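So you can see what is in the structure, the chains are spelled out below.
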Amino acid sequence: MNNPVSIIPQPGYLTTGAGVFTLNADTRIIAPAAAARVAEQFAAWLRVPTSLPLPVETQSGGTAAEPNTITLMFTQGGEFGREGYGLQVTPGAAAIRATDINGLMHGAQTLRQLLPVEAESRSAASGVEWVIPEVTIEDEPRFGWRGLHLDVGRHFFPAAYIKKFLDTMALHKFNVFHWHLTEDQGWRVEIKRYSELIEVGAWRDASPYPADRYTLDNTPHGGFYTQEEVRDIVAYAQALGITIVPEIEMPGHAVAALASYPELGCVGRDYKVRTYWGIAEDVFCAGNPEVYTFLENVLDEVLALFPGEYIHIGGDECPKVRWKACPKCQALMQREGLADEHELQSYFIRHFERYLNERGRRLIGWDEILEGGLAPNATVMSWRGAKGGIEAASAGHDVVMTPNTYCYFDYYQSEDHSAEPPTIGGYIPLEKVYAFDPTEGIPADKTAHVLGGQGNIWTEYMPTTEIVEYMAFPRAAAMAEVLWSDPTTRDYADFLRRLRPFLQRLDSLGVTCRNPF
Ligand SMILES: [Zn+2]
């Protein structure tokens, strides 16, 4: 019996035939040595539910699939763009072709979705025929930045969960994990040179109740990732075709760091890791040379952990009240001829852009980094609507679009709030995410500056991983399709048709997604 073909995100070109390829005890997986890890990964997904051996054989130079094999192969000559792939399933064999290894990974994710949903089961499924329908698919992403963001500052989620989150991202063909690692309410990454960051900064005394943001639960909360865990997670993500963009917030959202090292703030004392949500007035002192040294040393360790090109430095929500009253900040402004505190923030960000650029990395920050003058090579992540992104792209800067009108997965997803867990507010239903266009409002000759977009998951109101997943999925599926698929073929009704079996897959994988039906 043929499975109806439903793939998310929708492939660019897809035709189906009448035949099927049925996996059996003799089916082998063949890959060149350079793609063996994708083949092993694919086999690992399927061995438990199918109870089939699915041995992986490495072979170089294969150009066509042998009978009863799933063959992975690299193609020459740019047949597919970056991350693109071709997938051919004929009665009796399947072949995935790609130019790069991440293309093969995406092809494997598509092939996975062609199998019965029981293929996602984490235990042996009995009585299932492991049939793959005959298809020809040619597919490549619309955007090179297809991200999900996760705030682990407001609530900490352990390393094992981060891996599950990455697995779920990979099924959606996301390729950027924006890991929001530092906050007023918690510092989450071990920095060996500054041990207080995890001894003090990773812990807070209490959190507000989700249903009442003005009352504290008096329950200590915290946690952090060791550098060993981070390295393990970075490698894990890389094997799934995902780059991690770490975020180290500066100059605002820094109270956990100030509680650890009070001399880094303008006031210099009496800081506590923040327990309430909202924006803190205490920020790094921009007039103190020790702050620059501290953050450079922190970044040195961060750069050693994260090999990706981009480092996110936050830059958002930095009140200027402390800087206005600080002799050090004011003296620096005078010395450098800075007209106001916005220019001081710009001076601060430019310093760290230079620091990162000299080390071969690129700086990305929230759209407030436009205020007071944008650092020359900075990439802007537009969140307060699309305005900042339009402005930056028009000025020739690269942008990642994450407007809070489409991309904030901490907002409500139905109008009946009583049926939903408490949230920070807002309303972005699934259909709204699906209507997102990252290039909307960008001048036609500047759209190449739009690297892509991402869904942002701020976790003030998400104390558990179950709630994170309820908020993230399936809105992430709509986002994935927006960022991967050809916008001219977008069809919400068809997306919903394909979403039903996709939700069954997520459910089998233990993802507690919201059911929109
Ligand atoms: Zn200061």
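Here is a short report on the structure shown in this document. The structure presented is a predicted model; accordingly, all values stated were derived computationally and were not measured. (Residues numbered from 1 in each chain as written. Predicted model: local features only at pLDDT ≥ 70, side-chain atom pairs only at ≥ 80, totals over all residues. Heavy atoms only, no water.)

With that settled, consider the overall build of the protein. Looking only at helices and strands, the protein has 15 helices and 21 strands in total. In terms of overall dimensions, the protein is globule-like: its C-alpha atoms have a radius of gyration of 24 Å, near the 24 Å expected for 517 residues. The 517 residues of the protein split such that 59% are buried. Within the protein, counting contacts between residues at least 6 apart in sequence, those at least 24 apart form 72% of the total. When the accessible surface of the protein is totalled, it reaches about 19200 Å², and 51% of it is carbon and sulfur. Averaging the coordinates of the 43 positive side-chain charges in the protein and doing the same for the 67 negative ones gives two points 1 Å apart. (Helix = DSSP H or I, 4+ residues; strand = E, 2+ residues; numbered from the N terminus. Rg over C-alpha atoms; globule rule 2.2 N^0.38 Å. Buried < 20%, exposed > 50% of the residue type's maximum accessible area, 1.4 Å probe, protein only. Contact = heavy atoms within 4.5 Å. Areas by Shrake-Rupley, 256 points an atom, 1.4 Å probe, with all protein chains shown as cover. Lys, Arg positive; Asp, Glu negative; His and termini not counted. Charge placed at Lys NZ, Arg CZ, Asp CG, Glu CD.)

So, on to the packing of aromatic side chains. Taken as a whole and judged by the stated rule, the model has 27 aromatic pairs. When the centroid spacing of 5.3 Å and the interplanar angle of 75° are considered together, the rings of Trp 145 and Tyr 310 count as edge-to-face. One end of the pair, Trp 145, is in strand 8 (residues 145–151); the other, Tyr 310, is in strand 17 (residues 310–314), and 165 residues separate them in sequence. For the pair Trp 145 and Tyr 310, one class covers both residues: buried. Aromatic rings pair up to connect Phe 156, Phe 157, Tyr 161, Phe 165, Phe 177, Trp 179, Tyr 225, Phe 306 and Phe 473 into one cluster. Seen from the ring of Tyr 355, Arg 359 lies directly overhead, with NZ or CZ sitting 3.5 Å from the centre. Above the ring of Phe 517, the side-chain terminus of Arg 500 is found at 3.9 Å from the ring centroid. (Phe/Tyr/Trp six-rings, centres within 6.5 Å; stacked < 30°, edge-to-face > 60°. Lys NZ or Arg CZ within 6 Å of the ring centre and 35° of its normal.)

Every protein donor of the zinc ion is accounted for by Cys 266 (SG), Cys 285 (SG), Cys 326 (SG) and Cys 329 (SG), and the metal-donor separations fall at 2.3 Å. Taken together, the four donor atoms coordinating the zinc ion span angles of 106 to 112° at the metal, a pattern that classifies the geometry as tetrahedral. Counting gaps between the donor residues of the zinc ion yields the pattern C-x18-C-x40-C-x2-C. A residue pair is termed long-range when its members are at least 10 positions apart, and Cys 266 in the loop between helix 6 (255–260) and helix 7 (289–305) and Cys 329 in helix 9 (residues 327–336) qualify at 63 residues. (Donors = N, O, S within 2.8 Å, 3.2 Å for Na, K, Ca; no water. Tetrahedral: all angles 85-135°; square planar, octahedral: opposite > 155°, others 65-115°.)

Within the secondary structure, Asp 410 is located in the loop between strand 20 (399–401) and helix 12 (430–434). Arg 475 provides the closest opposite charge to the buried, salt-bridge-free Asp 410, at an N-O distance of 6.8 Å. If we ignore the near neighbours within four places in the chain, the residues touching Asp 410 are Thr 423, Ile 424, Gly 425, Asn 456, Trp 458, Met 462, Met 471 and Arg 475. (Salt bridge = Lys/Arg side-chain N within 4 Å of Asp/Glu carboxyl O.)

For the rest of this paragraph, the subject is the environment of Lys 163. Secondary-structure assignment places Lys 163 in helix 3 (residues 159–171). For Lys 163, a relative accessible area of 22% corresponds to the partly exposed category. Separated by 73 residues in the primary sequence, Lys 163 and Tyr 236 place their C-alpha atoms 7.3 Å from one another. Non-local contacts of Lys 163, meaning those with residues more than four positions away in its chain, are made with Asp 232, Ile 233 and Tyr 236. There is a polar contact of 2.7 Å between the side chain of Lys 163 and the side chain of Asp 232. (Polar contact = N/O pair within 3.5 Å; in protein donor to acceptor, adjacent residues only side chain to side chain.)

Where empty space is left becomes clear once a probe the size of a water molecule has been rolled over the atoms. Considering only enclosed or pocket space, the largest pocket measures out at about 700 Å³ in volume. As for the largest pocket, its lining consists of 27 residues, of which Arg 82, Gly 144, Asn 175, Val 176 and Thr 243 are closest to the centre. Those elements giving two or more residues to the lining of the largest pocket turn out to be helix 2 (101–114), helix 5 (227–239) and strand 16 (243–250). The element contributing the most residues to the lining of the largest pocket is strand 16, with three residues. Its residues assigned to classes, the lining of the largest pocket shows 13 nonpolar, seven polar and seven charged. (1 Å grid on protein atoms, 1.4 Å probe; cavity = no way out; pocket = protein on both sides within 12 Å on 5 of 7 lines; lining within 4 Å. Points joined across faces, edges and corners; volume = space filled by probe spheres on them. Nonpolar A, V, L, I, M, F, W, Y, C, P; charged D, E, K, R; others polar.)

This part takes up the nonpolar core. Ranked by size, the top nonpolar core spans 164 residues in total, and within it Phe 165, Phe 177, Trp 179, Phe 284 and Phe 348 carry the most contacts. Residue contributions to this core peak at nine residues, all from helix 7. Not counting the four nearest positions on each side in its chain, Phe 177 is found in contact with Leu 148, Leu 150, Ile 162, Phe 165, Leu 166, Met 169, Ile 242, Thr 243, Ile 244 and Val 245. (Core = buried A, V, L, I, M, F, W, Y, C linked by side-chain atoms within 4.5 Å.)

What follows concerns the environment of His 180. As for its position among the elements, His 180 is in strand 9 (residues 176–180). With 278 residues separating them along the chain, His 180 and Trp 458 place their C-alpha atoms 9.0 Å apart. Leaving out residues up to four positions away in the same chain, His 180 has contacts with His 149, Leu 150, Asp 151, Val 152, Gly 153, Glu 247, Glu 249 and Trp 458.

All right, on to helix 2 then. Helical geometry: 3.6 residues make up each α-helical turn, so side chains three or four residues apart lie on a common side. Helix length check: helix 2 (14 residues) gives 20 Å between terminal C-alpha atoms against 20 Å at 1.5 Å per residue, within 8%. Counting buried positions along helix 2 gives 13 out of 14 residues, so the element sits mostly inside the fold. (Expected span 1.5 Å × (residues − 1).)

If you walk across this open sheet you meet the seven strands as 1-7-5-6-4-2-3, and the pairing is mixed. Of all strands in the sheet, those bounded by a partner on one side alone are strand 1 (13–22) and strand 3 (56–58). Neighbour-to-neighbour, the strand axes of the sheet open up by a mean angle of 20°, direction not taken into account. (Pairing = 2+ DSSP bridges. Axes fitted to C-alpha atoms, helices over the stretch in contact; angles between N-to-C directions.)

Where helix 1 (residues 36–50) contacts helix 2, the two axes come as close as 10 Å, and the packing angle between them is 20°. Considering the angle they form, helix 1 stands roughly parallel to helix 2. As helix 1 runs across helix 2, the sense of the crossing is right-handed. Counting all contacts with helix 1, which are made through Arg 37, Val 38, Gln 41, Phe 42 and Trp 45, the residues of helix 2 involved are Ile 101, Leu 104, Met 105, Ala 108, Gln 109, Leu 111 and Arg 112. For the contact of helix 1 with helix 2, a count of residues per class yields eight nonpolar, two polar and two charged. (Parallel < 35°, antiparallel > 145°, perpendicular 65-115°, else oblique. Left-handed = near helix turned anticlockwise from the far one by under 90°.)

Evaluation of the coordinates by the stated rule reveals zero disulfides. Sulfur of Cys 513: no disulfide; nearest cysteine sulfur belongs to Cys 407 and is 20 Å away. (Disulfide = S-S within 2.5 Å.)

Glancing now at the pattern of salt bridges. Under the defined criterion, the tally for this structure stands at 27 salt bridges. A salt bridge links Glu 120 to Arg 505; the nearest nitrogen and oxygen atoms lie 3.2 Å apart. Here Glu 120 is found in the loop between helix 2 and strand 7 (131–139), whereas its partner Arg 505 is found in helix 15 (residues 492–508), with 385 residues between them in sequence. Residues Glu 120 and Arg 505 agree in their burial class; the two are buried. Of the charged contacts in the structure, one is a salt bridge between Lys 272 and Asp 205, with a shortest N-O distance of 2.9 Å. With Lys 272 in the loop between helix 6 and helix 7 and Asp 205 in the loop between strand 12 (203–204) and strand 13 (208–209), this pair connects stretches of sequence that are 67 residues apart. Since its relative accessible area comes to 46%, Asp 205 is described here as partly exposed. Among the charged side chains, a salt-bridge network with shared partners connects Asp 151, Arg 154, Glu 183 and Glu 460.

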